[in-house]
Amino acid sequence: MAESKAKKQRNKQIREGKRNPELSRSPFVFADLRTRKTKTKLEQMNKQKYKDRASAYGDEGSFYFPGESVFLAMVKKIS
């Protein structure tokens, strides 16, 4: 792969005895500073615990009224 123009200039300066500008770079340039944390067992359990799942008893908090649209149509006709 070809060298970039900037890299050619840096190499030329190094050959001429001048300071290498790559030495002025921060030590954190190539470091990945994002922190990563795996979830604990308790966090995994709470994720499942509070997930909206269907219950065998039908008390999961969601409601379905099958005749609602018919009821609303009847109310509109009356009024």
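Residues numbered from 1 in each chain as written. Predicted model: local features only at pLDDT ≥ 70, side-chain atom pairs only at ≥ 80, totals over all residues. Heavy atoms only, no water.

**Looking at the overall build of the protein chain**
- Tallying secondary structure elements over the protein chain gives three helices and zero strands in all.
- Scanning the protein chain from its N terminus toward the C terminus, one meets helices and strands in the order α-α-α.
- Taking all 79 residues of the protein chain together, 1% fall into the buried category.
- Summing over all exposed atoms, the protein chain offers an accessible surface of approximately 8400 Å²; the carbon and sulfur share of this is 58%. (Helix = DSSP H or I, 4+ residues; strand = E, 2+ residues; numbered from the N terminus. Buried < 20%, exposed > 50% of the residue type's maximum accessible area, 1.4 Å probe, protein only. Areas by Shrake-Rupley, 256 points an atom, 1.4 Å probe, with all protein chains shown as cover.)

**Some details on the pattern of salt bridges**
- Tallied over the full model, the rule gives four salt bridges.
- The salt bridge partner of Lys-37 is Glu-43, with a shortest N-O separation of 3.5 Å.
- Judged by relative accessible area, Lys-37 falls into the exposed class, the value being 66%. (Salt bridge = Lys/Arg side-chain N within 4 Å of Asp/Glu carboxyl O.)

**Overview of the side chain of Asn-20**
- With respect to the helices and strands, Asn-20 occurs in the loop between helix H1 (5–15) and helix H2 (41–49).
- Separated by 3.1 Å, the side chain of Asn-20 and the backbone nitrogen of Glu-22 make a polar contact. (Polar contact = N/O pair within 3.5 Å; in protein donor to acceptor, adjacent residues only side chain to side chain.)

**What to know about the confidence of the model for the protein chain**
- Model confidence for the protein chain is summarised by a mean pLDDT of 76, while 59% of its residues fall at 70 or above.
- Within the protein chain, the lowest mean pLDDT, 60, falls on helix H3 (residues 68–78), and the highest, 93, falls on H1. (pLDDT = per-residue confidence, 0-100.)

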